[in-house]
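Architecture and fold: a report
Take a look at the letters that make up each chain.
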Amino acid sequence: MVNRLTGMLVVLVVACCGWAAIAGEAAKAWTDPEAAAKDDPDFALQGEYAKAGEGLQVAAMGKGKFLTATLKGGLPDAGWDGKSVTTATADSEAVKKLIAAGWAKTERKIPNMGAKPPQGAVVLFDGSNANEWDKAKITSDKLLQEGPQTVRKFKNFIMHVEFMLPYKPAATLSGQDRGNSGVYIFNRYEVQILDTFGLHFYPNTHGEASWAAAFQKELGYKQGSDRTQFCASMYHFRSPALNAATPPLTWQTYDITFLAPKFEDGKKTANARITLLWNGIKVHDGLDLPKGTGAGGNKPEVPSEAILLQGHGNPVRFRNIWIVEQP
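In this text the structure is predicted, and so the values were computed from the model without any measurement.

1. Observations regarding the sheet that holds strand S5 (residues 104–106)
Pairing is antiparallel across the open sheet formed by five strands, whose spatial order is S4-S3-S2-S1-S5. Looking at strand neighbours, the two that pair on one side only are strand S4 (85–91) and S5, the edges of this open sheet. Ignoring strand direction, the axes of neighbouring strands in this sheet form an average angle of 30°. When strand S2 (residues 54–60) meets strand S3 (residues 65–72), the two strands line up antiparallel, connected through seven bridges. Paired with Val58 across the bridge in S3 is Thr68.

2. A look at the packing of aromatic side chains
Applying the stated rule across the entire model yields ten aromatic pairs. Ring centres 5.0 Å apart and planes at 70° place the aromatic pair Phe43 and Tyr167 in the edge-to-face group. Highlighted residues: Phe43 in helix H3 (residues 42–45) and Tyr167 in the loop between strand S10 (156–164) and strand S11 (181–185), separated in sequence by 124 residues. Within the aromatic cluster, the residues linked to one another by ring pairs are Phe154, Phe157, Phe186, Tyr189 and Phe258. A cation sits over an aromatic face here: Arg319 above Trp251, 4.1 Å from the ring centre.

3. Brief notes about unusual backbone geometry
For Ala232, which is not glycine, the phi torsion reads 75° and is therefore positive. With respect to the helices and strands, the residue Ala232 is situated in the loop between helix H5 (208–219) and strand S13 (251–259). The class of Ala232 is buried, set by a relative accessible area of 0%. Located in the positive-phi region is Asn320, a residue other than glycine, with phi close to 45°. As for its position among the elements, Asn320 is in strand S19 (residues 317–326). On the basis of relative accessible area, Asn320 is assigned to the buried category, the value being 18%.

4. Comments concerning the pairing of strand S16 (residues 272–278)
Counted residue by residue, S16 has five buried out of seven residues, so it is predominantly covered. Where S13 meets S16, six bridges bridge the pair, whose relative direction is antiparallel. In the strand pairing of S16, Phe258 is matched with Ile274. In the sheet, S16 pairs with strand S17 (residues 281–289) via six bridges, with the strands oriented antiparallel. For Ala272, the partnering residue across the bridge sits in S17 and is Leu289. Here S16 hands over to S17 after two residues, with Asn279 in that stretch at a positive phi of 55°.

5. Side note on the nonpolar core
Among the nonpolar cores identified, the biggest contains 59 residues, and Phe157, Val183, Ile185, Tyr254, Ile256, Phe258 and Ile321 are the most heavily contacted of them. Filtering out sequence-adjacent residues up to four positions away, Val183 remains in contact with Met159, Val161, Tyr189, Glu190, Val191, Ile193, Tyr254, Ile256, Ile307, Leu308 and Leu309. Ranked by size, the runner-up nonpolar core spans 19 residues in total, among them Phe43, Val95, Leu98 and Trp251.

Each value, and the rule that gives it
- Residues numbered from 1 in each chain as written.
- Predicted model: local features only at pLDDT ≥ 70, side-chain atom pairs only at ≥ 80, totals over all residues.
- Heavy atoms only, no water.
- Pairing = 2+ DSSP bridges.
- Helix = DSSP H or I, 4+ residues; strand = E, 2+ residues; numbered from the N terminus.
- Axes fitted to C-alpha atoms, helices over the stretch in contact; angles between N-to-C directions.
- Phe/Tyr/Trp six-rings, centres within 6.5 Å; stacked < 30°, edge-to-face > 60°.
- Lys NZ or Arg CZ within 6 Å of the ring centre and 35° of its normal.
- Buried < 20%, exposed > 50% of the residue type's maximum accessible area, 1.4 Å probe, protein only.
- Core = buried A, V, L, I, M, F, W, Y, C linked by side-chain atoms within 4.5 Å.
- Contact = heavy atoms within 4.5 Å.

Worth remembering: the numbers are spatial, not functional.
Okay, structure coming up:
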(Lines give C-alpha, C1' and ligand atoms only; values in the text may rest on other atoms or scores of the structure.)
Protein backbone atom coordinates (compact mmCIF):
# COMPACT_ATOMS: atom_id res chain seq x y z
CA MET A 1 0.00 0.00 0.00
CA VAL A 2 2.73 2.45 0.92
CA ASN A 3 5.32 3.12 -1.76
CA ARG A 4 7.65 6.00 -2.51
CA LEU A 5 7.35 8.39 -5.38
CA THR A 6 10.01 8.11 -8.04
CA GLY A 7 11.26 10.50 -10.68
CA MET A 8 11.20 14.15 -9.70
CA LEU A 9 10.40 13.54 -6.04
CA VAL A 10 13.38 13.41 -3.71
CA VAL A 11 12.43 11.33 -0.70
CA LEU A 12 13.85 12.22 2.65
CA VAL A 13 15.19 9.48 4.80
CA VAL A 14 14.87 10.95 8.26
CA ALA A 15 15.64 9.28 11.57
CA CYS A 16 12.79 8.68 13.94
CA CYS A 17 14.20 11.10 16.50
CA GLY A 18 14.24 13.88 13.88
CA TRP A 19 10.50 13.66 13.30
CA ALA A 20 9.86 13.32 17.01
CA ALA A 21 11.67 16.60 17.64
CA ILE A 22 9.25 18.38 15.33
CA ALA A 23 6.30 16.68 16.98
CA GLY A 24 7.47 17.72 20.44
CA GLU A 25 7.76 21.43 19.76
CA ALA A 26 5.04 23.86 20.73
CA ALA A 27 2.73 23.98 17.74
CA LYS A 28 1.76 27.46 16.59
CA ALA A 29 -1.72 27.75 15.12
CA TRP A 30 -2.66 30.16 12.32
CA THR A 31 -6.30 31.02 11.69
CA ASP A 32 -5.70 33.53 8.88
CA PRO A 33 -4.36 32.39 5.48
CA GLU A 34 -2.64 35.72 4.79
CA ALA A 35 -0.77 35.59 8.08
CA ALA A 36 0.18 31.95 7.53
CA ALA A 37 1.53 32.73 4.06
CA LYS A 38 3.53 35.65 5.42
CA ASP A 39 5.00 33.75 8.36
CA ASP A 40 5.64 30.28 6.94
CA PRO A 41 6.83 29.54 3.38
CA ASP A 42 5.56 25.96 3.73
CA PHE A 43 1.98 27.23 3.69
CA ALA A 44 2.22 28.23 0.02
CA LEU A 45 3.40 24.72 -0.93
CA GLN A 46 0.82 22.72 1.00
CA GLY A 47 -2.45 22.01 -0.79
CA GLU A 48 -3.94 20.11 -3.71
CA TYR A 49 -2.51 19.76 -7.22
CA ALA A 50 -3.66 18.15 -10.45
CA LYS A 51 -1.92 16.81 -13.55
CA ALA A 52 -2.94 14.41 -16.35
CA GLY A 53 -5.65 12.51 -14.55
CA GLU A 54 -3.93 12.40 -11.19
CA GLY A 55 -4.30 14.30 -7.94
CA LEU A 56 -1.56 15.31 -5.54
CA GLN A 57 -1.98 16.35 -1.92
CA VAL A 58 0.88 18.01 -0.06
CA ALA A 59 0.52 18.21 3.73
CA ALA A 60 2.92 20.42 5.70
CA MET A 61 4.70 18.79 8.63
CA GLY A 62 6.80 21.73 9.80
CA LYS A 63 10.30 23.04 9.02
CA GLY A 64 10.20 22.34 5.30
CA LYS A 65 8.98 18.74 5.57
CA PHE A 66 5.89 17.36 3.88
CA LEU A 67 3.81 14.26 3.34
CA THR A 68 2.75 13.83 -0.29
CA ALA A 69 -0.07 11.61 -1.52
CA THR A 70 -0.53 10.94 -5.24
CA LEU A 71 -4.11 9.85 -5.98
CA LYS A 72 -4.64 7.84 -9.14
CA GLY A 73 -7.42 9.26 -11.31
CA GLY A 74 -7.68 12.63 -9.61
CA LEU A 75 -8.61 14.25 -6.34
CA PRO A 76 -11.48 13.08 -4.10
CA ASP A 77 -14.80 13.47 -5.93
CA ALA A 78 -12.82 14.34 -9.08
CA GLY A 79 -11.71 10.95 -10.39
CA TRP A 80 -10.02 9.22 -7.47
CA ASP A 81 -11.27 5.70 -6.74
CA GLY A 82 -10.66 6.14 -3.01
CA LYS A 83 -8.07 3.37 -2.91
CA SER A 84 -5.12 3.90 -5.27
CA VAL A 85 -2.60 6.12 -3.52
CA THR A 86 1.18 6.48 -3.38
CA THR A 87 2.64 8.30 -0.40
CA ALA A 88 6.06 9.73 0.36
CA THR A 89 7.87 12.17 2.60
CA ALA A 90 9.58 15.10 0.91
CA ASP A 91 11.33 18.40 1.57
CA SER A 92 10.33 21.77 0.17
CA GLU A 93 12.81 21.57 -2.72
CA ALA A 94 11.33 18.26 -3.84
CA VAL A 95 7.83 19.75 -3.75
CA LYS A 96 8.99 22.75 -5.79
CA LYS A 97 10.45 20.37 -8.40
CA LEU A 98 7.12 18.58 -8.61
CA ILE A 99 5.36 21.88 -9.26
CA ALA A 100 7.94 22.77 -11.92
CA ALA A 101 7.29 19.39 -13.56
CA GLY A 102 3.70 20.35 -14.30
CA TRP A 103 1.59 19.86 -11.21
CA ALA A 104 -0.87 22.76 -11.07
CA LYS A 105 -2.27 23.92 -7.75
CA THR A 106 -6.02 23.72 -7.60
CA GLU A 107 -8.89 24.23 -5.18
CA ARG A 108 -11.59 21.61 -5.13
CA LYS A 109 -15.12 22.89 -5.71
CA ILE A 110 -17.32 21.60 -2.91
CA PRO A 111 -20.86 21.34 -4.29
CA ASN A 112 -22.76 22.24 -1.12
CA MET A 113 -20.47 25.01 0.11
CA GLY A 114 -22.54 28.04 1.03
CA ALA A 115 -25.79 26.07 0.88
CA LYS A 116 -28.74 28.25 1.86
CA PRO A 117 -31.11 27.06 4.58
CA PRO A 118 -34.34 25.72 3.10
CA GLN A 119 -37.73 27.00 4.13
CA GLY A 120 -38.53 26.00 7.68
CA ALA A 121 -34.90 25.51 8.71
CA VAL A 122 -33.60 26.69 12.07
CA VAL A 123 -30.70 29.02 11.32
CA LEU A 124 -28.19 28.29 14.06
CA PHE A 125 -25.51 30.69 12.83
CA ASP A 126 -25.27 33.09 9.91
CA GLY A 127 -22.72 35.54 11.34
CA SER A 128 -25.25 38.05 12.61
CA ASN A 129 -25.62 36.78 16.19
CA ALA A 130 -25.14 33.75 18.43
CA ASN A 131 -28.61 33.69 19.99
CA GLU A 132 -29.04 29.97 19.27
CA TRP A 133 -25.94 29.07 21.27
CA ASP A 134 -24.89 28.93 24.89
CA LYS A 135 -21.37 30.16 25.78
CA ALA A 136 -20.73 31.30 22.20
CA LYS A 137 -18.02 33.66 20.99
CA ILE A 138 -17.95 35.37 17.60
CA THR A 139 -14.68 36.47 16.05
CA SER A 140 -14.08 39.93 14.57
CA ASP A 141 -14.69 38.48 11.10
CA LYS A 142 -18.10 37.10 12.21
CA LEU A 143 -17.18 33.45 12.59
CA LEU A 144 -18.28 31.19 15.42
CA GLN A 145 -15.52 29.88 17.68
CA GLU A 146 -15.32 26.32 18.92
CA GLY A 147 -17.00 25.43 22.21
CA PRO A 148 -20.67 26.51 22.20
CA GLN A 149 -23.73 24.32 22.63
CA THR A 150 -27.17 24.85 21.12
CA VAL A 151 -29.82 26.35 23.34
CA ARG A 152 -32.43 24.12 21.72
CA LYS A 153 -32.70 20.37 21.97
CA PHE A 154 -33.15 18.35 18.79
CA LYS A 155 -34.35 14.89 17.88
CA ASN A 156 -34.21 13.81 14.22
CA PHE A 157 -32.62 16.33 11.89
CA ILE A 158 -30.62 17.27 8.81
CA MET A 159 -27.77 19.63 9.65
CA HIS A 160 -25.42 21.68 7.49
CA VAL A 161 -22.22 23.07 9.03
CA GLU A 162 -19.13 24.66 7.52
CA PHE A 163 -15.84 24.60 9.41
CA MET A 164 -12.24 25.70 8.98
CA LEU A 165 -9.28 24.05 10.67
CA PRO A 166 -6.21 25.99 11.78
CA TYR A 167 -2.83 25.59 10.10
CA LYS A 168 -0.61 23.80 12.66
CA PRO A 169 2.26 22.23 10.70
CA ALA A 170 4.42 21.54 13.77
CA ALA A 171 1.65 19.50 15.43
CA THR A 172 2.14 15.79 14.82
CA LEU A 173 0.45 14.69 11.61
CA SER A 174 -2.21 12.17 12.73
CA GLY A 175 -2.11 13.54 16.29
CA GLN A 176 -5.10 14.93 18.15
CA ASP A 177 -3.60 18.42 18.59
CA ARG A 178 -3.95 19.22 14.89
CA GLY A 179 -7.18 21.21 14.94
CA ASN A 180 -9.25 19.00 17.23
CA SER A 181 -12.98 19.68 17.54
CA GLY A 182 -16.19 17.87 16.70
CA VAL A 183 -19.91 18.07 16.10
CA TYR A 184 -21.04 16.36 19.30
CA ILE A 185 -24.66 15.31 18.79
CA PHE A 186 -26.58 15.02 22.06
CA ASN A 187 -23.15 15.21 23.79
CA ARG A 188 -22.96 11.50 22.97
CA TYR A 189 -22.26 10.90 19.28
CA GLU A 190 -19.20 12.74 18.03
CA VAL A 191 -18.51 13.47 14.38
CA GLN A 192 -14.79 14.16 14.70
CA ILE A 193 -13.15 17.30 13.31
CA LEU A 194 -9.36 17.14 12.84
CA ASP A 195 -6.72 18.07 10.26
CA THR A 196 -5.97 14.72 8.62
CA PHE A 197 -5.42 16.18 5.16
CA GLY A 198 -3.25 13.89 3.03
CA LEU A 199 -3.45 10.90 5.39
CA HIS A 200 -4.47 7.96 3.24
CA PHE A 201 -2.94 5.17 5.32
CA TYR A 202 -6.13 3.17 5.16
CA PRO A 203 -8.86 2.02 3.57
CA ASN A 204 -10.91 0.21 6.15
CA THR A 205 -10.09 -3.18 4.58
CA HIS A 206 -6.61 -2.96 6.11
CA GLY A 207 -6.19 -4.05 9.71
CA GLU A 208 -5.08 -1.61 12.38
CA ALA A 209 -1.75 -3.38 12.90
CA SER A 210 -0.76 -3.27 9.22
CA TRP A 211 -1.86 0.36 8.94
CA ALA A 212 0.18 1.37 11.99
CA ALA A 213 3.25 -0.47 10.70
CA ALA A 214 2.95 1.23 7.30
CA PHE A 215 2.62 4.63 8.95
CA GLN A 216 5.69 4.15 11.11
CA LYS A 217 7.75 2.83 8.19
CA GLU A 218 6.84 5.79 6.01
CA LEU A 219 7.07 8.65 8.49
CA GLY A 220 9.53 7.32 11.04
CA TYR A 221 7.32 7.71 14.10
CA LYS A 222 4.33 6.00 15.63
CA GLN A 223 0.96 7.38 14.56
CA GLY A 224 -0.52 9.97 16.90
CA SER A 225 -3.98 8.41 16.95
CA ASP A 226 -5.90 5.60 15.30
CA ARG A 227 -8.09 5.94 12.22
CA THR A 228 -11.29 6.16 14.23
CA GLN A 229 -10.01 9.48 15.57
CA PHE A 230 -9.46 10.99 12.11
CA CYS A 231 -11.62 13.70 10.60
CA ALA A 232 -15.20 12.59 9.81
CA SER A 233 -14.87 9.53 12.03
CA MET A 234 -17.57 8.61 14.46
CA TYR A 235 -15.09 9.04 17.25
CA HIS A 236 -13.46 5.78 18.38
CA PHE A 237 -16.14 3.82 16.52
CA ARG A 238 -15.89 4.05 12.72
CA SER A 239 -13.55 5.84 10.33
CA PRO A 240 -14.94 7.44 7.14
CA ALA A 241 -15.21 5.48 3.91
CA LEU A 242 -12.48 7.69 2.43
CA ASN A 243 -10.50 10.80 3.32
CA ALA A 244 -12.29 13.75 1.71
CA ALA A 245 -10.28 16.41 3.59
CA THR A 246 -9.16 19.67 2.04
CA PRO A 247 -6.13 21.54 3.45
CA PRO A 248 -6.19 23.48 6.72
CA LEU A 249 -7.41 27.08 6.40
CA THR A 250 -9.86 26.08 3.67
CA TRP A 251 -13.58 25.75 4.35
CA GLN A 252 -15.07 22.28 4.61
CA THR A 253 -18.63 21.02 4.98
CA TYR A 254 -20.53 18.40 6.91
CA ASP A 255 -24.08 17.52 5.95
CA ILE A 256 -25.46 15.27 8.68
CA THR A 257 -28.67 13.27 8.65
CA PHE A 258 -29.29 12.00 12.16
CA LEU A 259 -32.03 9.72 13.47
CA ALA A 260 -32.24 9.70 17.25
CA PRO A 261 -32.59 6.45 19.19
CA LYS A 262 -36.16 5.40 19.91
CA PHE A 263 -37.54 4.48 23.29
CA GLU A 264 -40.74 2.85 24.56
CA ASP A 265 -41.55 2.61 28.24
CA GLY A 266 -38.01 3.69 29.04
CA LYS A 267 -36.38 0.96 26.95
CA LYS A 268 -34.50 1.57 23.72
CA THR A 269 -36.23 0.03 20.72
CA ALA A 270 -34.03 1.39 17.90
CA ASN A 271 -30.46 2.59 17.67
CA ALA A 272 -29.44 6.03 16.50
CA ARG A 273 -28.34 6.21 12.86
CA ILE A 274 -26.24 8.70 10.94
CA THR A 275 -25.45 9.54 7.32
CA LEU A 276 -22.60 11.97 6.70
CA LEU A 277 -21.56 13.86 3.58
CA TRP A 278 -18.10 15.33 4.01
CA ASN A 279 -17.30 17.98 1.42
CA GLY A 280 -20.15 16.54 -0.63
CA ILE A 281 -18.89 12.93 -0.45
CA LYS A 282 -20.87 10.30 1.44
CA VAL A 283 -18.52 8.77 4.01
CA HIS A 284 -21.10 7.19 6.37
CA ASP A 285 -24.34 5.77 5.01
CA GLY A 286 -27.05 5.01 7.55
CA LEU A 287 -24.44 3.95 10.09
CA ASP A 288 -25.99 2.20 13.08
CA LEU A 289 -24.85 3.65 16.41
CA PRO A 290 -25.51 1.12 19.20
CA LYS A 291 -24.37 3.64 21.82
CA GLY A 292 -22.54 6.95 22.07
CA THR A 293 -19.04 7.26 20.66
CA GLY A 294 -15.83 7.79 22.62
CA ALA A 295 -16.52 9.21 26.06
CA GLY A 296 -20.14 9.64 24.99
CA GLY A 297 -20.51 5.89 25.15
CA ASN A 298 -20.45 6.09 28.94
CA LYS A 299 -23.60 8.22 29.04
CA PRO A 300 -27.13 6.79 28.92
CA GLU A 301 -28.77 7.50 25.59
CA VAL A 302 -31.65 9.96 25.32
CA PRO A 303 -34.29 10.65 22.64
CA SER A 304 -33.36 14.33 22.25
CA GLU A 305 -30.65 16.74 23.35
CA ALA A 306 -28.48 19.71 22.38
CA ILE A 307 -25.58 19.77 19.89
CA LEU A 308 -22.08 20.85 20.93
CA LEU A 309 -19.32 22.24 18.73
CA GLN A 310 -16.56 20.78 20.81
CA GLY A 311 -13.80 22.98 22.19
CA HIS A 312 -10.58 21.02 22.55
CA GLY A 313 -7.84 23.64 22.79
CA ASN A 314 -7.73 24.39 19.06
CA PRO A 315 -9.00 27.47 17.20
CA VAL A 316 -11.56 25.91 14.86
CA ARG A 317 -13.99 28.27 13.12
CA PHE A 318 -17.58 27.70 12.00
CA ARG A 319 -20.06 29.45 9.72
CA ASN A 320 -23.35 28.85 7.87
CA ILE A 321 -24.93 26.41 10.29
CA TRP A 322 -28.54 25.44 9.92
CA ILE A 323 -30.74 22.52 10.80
CA VAL A 324 -33.99 21.07 9.47
CA GLU A 325 -35.92 19.09 12.04
CA GLN A 326 -37.42 15.81 10.85
CA PRO A 327 -40.39 13.79 12.07
